[in-house]
Amino acid sequence: DFLLRTSVCPEAVGQTLLVADNEPVTVGEFVRAIAVAAHRSTRVISVPNPLLRLALAAIGKGADVARLTQPFEIRAVEARTRLGWVPPHSMHDELAWTLRVAVRSPWSA
């Protein structure tokens, strides 16, 4: 939908625009949403932040705690204001559609 909008909207010419869903999600929420869309069960283990920070620091990845625990947010304000674009479907609906299409695809493994 976004690509179609940018292809016909003169305000998009020469612009670098970010696209994002309406709601920010954490890595765990995204993994759960993929599992639901795929009709699979998942086990996401909650690890207290201090323990996660300690474990990641031990392997030199201490700065990654926020990336794993905080919602992933892309600020798509420019696309929304300049083009008047909003995602026509929820992340959950799009994941389900993507998985249905991928399963039917002759190129899927």
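Below, the structure is looked at part by part. What you are looking at is a predicted structure, and each value in this text was computed from that prediction instead of being measured. (Residues numbered from 1 in each chain as written. Predicted model: local features only at pLDDT ≥ 70, side-chain atom pairs only at ≥ 80, totals over all residues. Heavy atoms only, no water.)

Remarks on the overall build of the chain
So, step 1. For the chain, the helix and strand inventory stands at six helices and zero strands.
So, step 2. Taking the principal axes of its C-alpha atoms as reference, the chain extends roughly 50 × 35 × 25 Å.
So, step 3. Relative to its 109 residues, the chain shows a buried fraction of 20%.
So, step 4. Considering only intrachain contacts with a sequence separation of at least 6, the fraction spanning at least 24 residues in the chain is 74%.
So, step 5. Surface exposure of the chain reaches about 8,400 Å², of which carbon and sulfur atoms provide 61%.
So, step 6. Charged side chains in the chain number 12 positive and 10 negative. The centres of these two groups are separated by 8 Å. (Helix = DSSP H or I, 4+ residues; strand = E, 2+ residues; numbered from the N terminus. Buried < 20%, exposed > 50% of the residue type's maximum accessible area, 1.4 Å probe, protein only. Contact = heavy atoms within 4.5 Å. Areas by Shrake-Rupley, 256 points an atom, 1.4 Å probe, with all protein chains shown as cover. Lys, Arg positive; Asp, Glu negative; His and termini not counted. Charge placed at Lys NZ, Arg CZ, Asp CG, Glu CD.)

Overview of the nonpolar core
So, step 1. In this structure, Phe2, Cys9, Ala12, Leu17, Ala79, Leu83 and Trp85 together form the largest nonpolar core, which totals seven residues.
So, step 2. Contacts of Ala12, omitting those with residues within four sequence positions, involve Thr6, Leu17 and Leu83.
So, step 3. Counting six residues, the second largest nonpolar core, distinct from the first, contains Val25, Ala33, Met91 and Leu95. (Core = buried A, V, L, I, M, F, W, Y, C linked by side-chain atoms within 4.5 Å.)

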